[in-house]
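What follows is each chain in one-letter form.
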Amino acid sequence: MKKQFIPFAYLSPTLFLIAVLSFIPIATVFYYSLMDNVIITRTDPTFVGLSNYIEILSDDKFLQALRNTLFLAIVSVIGHFLLGLSFAMLLNAKTLNPITKAIFRVIYILPWVFTASIIAILWRLLLNPNGAVNYLMSISRLADSPTEWLSSRDLALNTVTFINIWAGYPFYMVSFLAGLQGIPNDLYEAGKVDGASGVQLFRFVTLPQLKPIIISLGMLDFIWTTHQFTLIWMTTGGGPIRATEMLSTFTYKLAFSSNEFSLASTTAMVILALSLFVAIFYVRNQRLSSE
Amino acid sequence: MRKYAVVLLMTLALLIAVGGAVLAQDVTLEFQQWWEPELPEGAFRALMDEFEAQNPGITVELISGPYSTTRDQIVAGAATGTMADVVGLDGAWVNDFVQQGSLADLSALMSAAMFDDSELAAQIQLNGSTYMIPVVNFVYPVFVNLDLMEAAGIEAAPMTRAEFADAAAQLTDTANNVYGWVLPLSLEQPNGIQNDVMSWVWASGGSMMADGLPNLVDNEDVSSAIEFIKGLYDAGVIAPGAFTMREQDKVEEFTNGRVGMMVDSLAHINLIRERNPELNFAITALPATEGYDGPRGLPYASWGIGVAENSEHQEEAWKLVEFLMSADINTQLSSIANAFPGNVNSTPDFVETDELFAAAFEVFQTGYLANEFTGLPVAENLMREFDEEFQLYLDGDSSLEDFLANAQEAWMSHFE
């Protein structure tokens, strides 16, 4: 009997940490999502069942935030992949000497060094109607009047997505570079012997070899991007007119501006469900690749 | 036996001495605010030292941080019942804290201390009780770039809306990237609605409220101000980027000479001077509607003060409030903060030594402090909801009637 508990005793510190850092906060937020009048009211919380979920899921503002978040996440993942892979292949090229490679490696990785706040401030300055980008467009006769990159409803979502892609591609680049360096040269040589072109080598050797990294990074990046808050908040605040409203900014406003902590907890649970959905695929993929 | 009696007496004497010392121990007041970092180093602590010297047995522990951090910490303290004894407050927070029962009733504390409140310039009340007292006030007059005005051939600062619109049009020179006015409507910091939009309503003696409830629909005061701003927007005299512009961006535009006029806090005068010593600017009152000759409402933001309901030292906390509101100390504080005093008998030093502040003080004295968002529930959210509808209206996706009706509906949901 005693022996049966020994494994649990060994596991207990980890189980305790998981409970305190993960299970209890999630359970508390789930509890709040089923209640009304929580956290900062003098009246007792009341059980309202799923009505918060019905209210949130039928709210046009929430649905717009959901659409914007999916757009940001999907386009960012694609952008990160294309930029990351391109730069990784450039850095992996055998024609470049090691010093040139080192210099470009530093340049390409720079965006990843900055925190989200710095990135937001930097791009606000660059994209300001009086900023450097508009100045360059003006002197090169590309535009007659200043472009409102972040203040125009038509441009804002694309602009913040671009900034997010710029900020995140180096992580892909570094990962892909490690992956590329791990591909055995024999495979390329065998391909060449078979008469494969450069494009065919890329399609039938490079991409299949990088597939586990591509899938893992894509899924993780999708989850991380759905949680993006600082960059959006500090560049547009979710505006103009909800054009860049994300689930994260929508939740923040509900909690700390409207004091609607129950509804904020409900949106947090929806974000959790969305992340879990992707996380399940991620775990399944990891399990399959390890088998 | 006598020996035991002496020991007993000595023990008793010791117990009384220790007990007395315990009873007379110091009270430590926690004072959480964002003011100390915004004042010259050591200046606010010096005032606290003066308070401690006047009130032996009371020690003040300052808990200082930036505005937003302080707000978050006070919100957390209110939720958990661990708020500091004395807290710095923004008028926009008061209603929410009162609903939570986090703030003490200052009216009761004033009565208990037999305090004469006639010296207070303002009190923020809810349900007939005071919960916040503005210690110093930062008013928002109009800043005018005199060099741009002269270059545009404008001789006097505009005093009416029509004059302002004309001046803004004359100042605008898109070829040189100069605009007449600047309007920050960022949804991250929606206080532009209070300072730069509703201020036009208050400057003409108008109101956005009626009987304590929002009154945006069929309200000529509000609709005329909104239409006026829409006219400026459509005329292209407002600096580009308004929809995501924040207050600091607005000040930057003015400081760099790219904007002729802006509504802004007096707190920024020294900042503008430091950033651009060459800038030649003046202060004037916010223009009113044609024919209006009544007192002009002047938007303001305050460093307000309140006492926590959970404080075990409310009597001592009130002494600190009373100290800060006394004429002499309030003069000192408003002088170092470049703000206008919360005590009607205080006159800050800078009024006599600085002509810009003197002009602003005159505007302040001839008008009245107006900020109808103070004390309203979820005030910041009200501004944000109005802001979203206002942006739709400015962008041409909503009519004036729909905009005001939608904003009214959104606001009313917080008053039910």
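Residues numbered from 1 in each chain as written. Chains lettered and ligands numbered in written order. Predicted model: local features only at pLDDT ≥ 70, side-chain atom pairs only at ≥ 80, totals over all residues. Heavy atoms only, no water.

Draft legend 1. Region of the structure containing the overall build of chain B. Broken down by element type, chain B carries 17 helices and 15 strands. Along the first, second and third principal axes, the C-alpha atoms of chain B reach 105 × 50 × 35 Å. Counting the 416 residues in chain B, one finds 57% classified as buried. A fraction of 74% describes how many contacts in chain B between residues 6 or more apart in sequence connect residues 24 or more apart. For chain B, the accessible surface area stands at approximately 17,100 Å², while carbon and sulfur atoms represent 50% of it. (Helix = DSSP H or I, 4+ residues; strand = E, 2+ residues; numbered from the N terminus. Buried < 20%, exposed > 50% of the residue type's maximum accessible area, 1.4 Å probe, protein only. Contact = heavy atoms within 4.5 Å. Areas by Shrake-Rupley, 256 points an atom, 1.4 Å probe, with all protein chains shown as cover.)

Draft legend 2. Spatial organisation of the nonpolar core. F31(B), M198(B), L324(B), F373(B), F386(B) and F390(B) are the most contacted members of the largest nonpolar core, which totals 139 residues. The biggest single contributor to this core is helix α16 (residues 379-394) of chain B, with 8 residues. For this core, the two domains that each supply at least three residues are domain 1 (28-137 + 302-361) and domain 2 (142-298 + 377-412) of chain B. Contacts of F31(B), omitting those with residues within four sequence positions, involve F44(B), M48(B), V60(B), E61(B), L62(B), I63(B), V86(B), V87(B), G88(B), I305(B), L320(B) and L324(B). Formed by 23 residues, the second largest nonpolar core is a distinct cluster that contains F87(A), Y169(A), F176(A) and L180(A). (Core = buried A, V, L, I, M, F, W, Y, C linked by side-chain atoms within 4.5 Å. Domains from an automatic or database assignment.)

Draft legend 3. The arrangement of the packing of aromatic side chains in detail. For the structure shown, the criterion picks out 49 aromatic pairs over all chains. Ring centres 5.4 Å apart and planes at 90° place the aromatic pair W123(A) and F162(A) in the edge-to-face group. One end of the pair, W123(A), is in helix α5 (residues 116-127); the other, F162(A), is in helix α7 (residues 156-181), with 39 residues separating them in the sequence. Exposure remark for W123(A): the relative accessible area of 10% places this residue in the buried category. Look at F162(A) and you get partly exposed, because its relative accessible area is 44%. Taken together, the ring pairs connect F31(B), W34(B), W35(B), F44(B), Y67(B), W93(B), F97(B), F138(B) and W303(B) into an aromatic cluster. Over the aromatic face of Y393(B) sits the side chain of K230(B), whose NZ or CZ is 5.2 Å from the ring centroid. (Phe/Tyr/Trp six-rings, centres within 6.5 Å; stacked < 30°, edge-to-face > 60°. Lys NZ or Arg CZ within 6 Å of the ring centre and 35° of its normal.)

Draft legend 4. The arrangement of the interface of chain A and chain B in detail. At the interface, 28 residues of chain A touch 29 residues of chain B. Taken over both partners, the interface formed by chain A and chain B buries close to 2,500 Å², and the fraction arising from carbon and sulfur atoms is 45%. Of the charged contacts, one joins D395(B) and R153(A) as a salt bridge, the two residues approaching to 3.0 Å between their closest N and O atoms. Taken together, the links from chain A to chain B amount to 15 residue pairs in polar contact (both at pLDDT 80 or more). Listed by contribution, the elements that provide at least two residues to the side of chain A that touches chain B are α10 (230-235) and α11 (247-256) of chain A. With 3 residues, α10(A) is the single largest residue contributor to the side of chain A that touches chain B. Classifying every residue of the side of chain A that touches chain B by side-chain character gives 9 nonpolar, 11 polar and 8 charged. (Buried area = accessible area lost by both parts, 1.4 Å probe. Salt bridge = Lys/Arg side-chain N within 4 Å of Asp/Glu carboxyl O. Polar contact = N/O pair within 3.5 Å; in protein donor to acceptor, adjacent residues only side chain to side chain. Nonpolar A, V, L, I, M, F, W, Y, C, P; charged D, E, K, R; others polar.)

Draft legend 5. The arrangement of the domain arrangement of chain B in detail. All names here are of chain B. According to the domain assignment, chain B consists of domain 1 (28-137 + 302-361) and domain 2 (142-298 + 377-412). Relative to domain 2, the C-alpha centre of domain 1 lies at a distance of 29 Å. Taken residue by residue, the interface counts 10 residues in domain 1 and 10 residues in domain 2. Taking both partners together, domain 1 and domain 2 bury about 970 Å²; carbon and sulfur atoms supply 61% of that area. Here domain 1 is connected to domain 2 by 1 salt bridge. With a closest N to O distance of 2.7 Å, R273 and D354 form a salt bridge. In this structure, the connection of domain 1 to domain 2 is made through 2 residue pairs in polar contact (both at pLDDT 80 or more). Elements that contribute at least two residues to the side of domain 1 that touches domain 2 include exactly α4 (91-100) and α15 (355-366). If you tally residues by element for the side of domain 1 that touches domain 2, the top one is α15, at 4 residues.

Draft legend 6. Summary view of the packing of helix α9 (residues 220-234) of chain B against α16(B). All names here are of chain B. α16 packs onto α9 with a crossing angle of 50° between their chain directions and a minimal axis gap of 10 Å. In terms of orientation, α9 lies oblique with respect to α16. At the point where α9 passes α16, the crossing takes the right-handed sense. Each of I226, E227, I229, K230, Y233 and D234 in α9 lies in contact with α16, whose residues at this interface are F386, F390, Y393 and L394. Split by residue class, the contact of α9 with α16 holds 7 nonpolar, no polar and 3 charged. (Axes fitted to C-alpha atoms, helices over the stretch in contact; angles between N-to-C directions. Parallel < 35°, antiparallel > 145°, perpendicular 65-115°, else oblique. Left-handed = near helix turned anticlockwise from the far one by under 90°.)

Draft legend 7. The arrangement of the pattern of salt bridges in detail. Counted by the stated rule, this structure contains 17 salt bridges over all chains. A cluster of three or more residues bridged by salt bridges with shared partners is formed by R124(A), E188(B), R246(B) and D249(B).

Draft legend 8. Region of interest: a negative patch on the surface. Residues and elements named next belong to chain B. There is a patch of like negative charges on the surface, built from D218, E220, D221, E227, E401 and D402. Listed by contribution, the elements that provide at least two residues to the negative patch are α9 and α17 (400-412). Ranked by residue count, the leading element in the negative patch is α9, at 3 residues. Tracing the sequence through the fold places D221 in helix α9. (Patch = residues over 30% accessible without salt bridge, like charges linked within 9 Å, V, L, I, M, F, W, Y side chains within 5 Å. Lys, Arg positive; Asp, Glu negative; His and termini not counted. Charge placed at Lys NZ, Arg CZ, Asp CG, Glu CD.)

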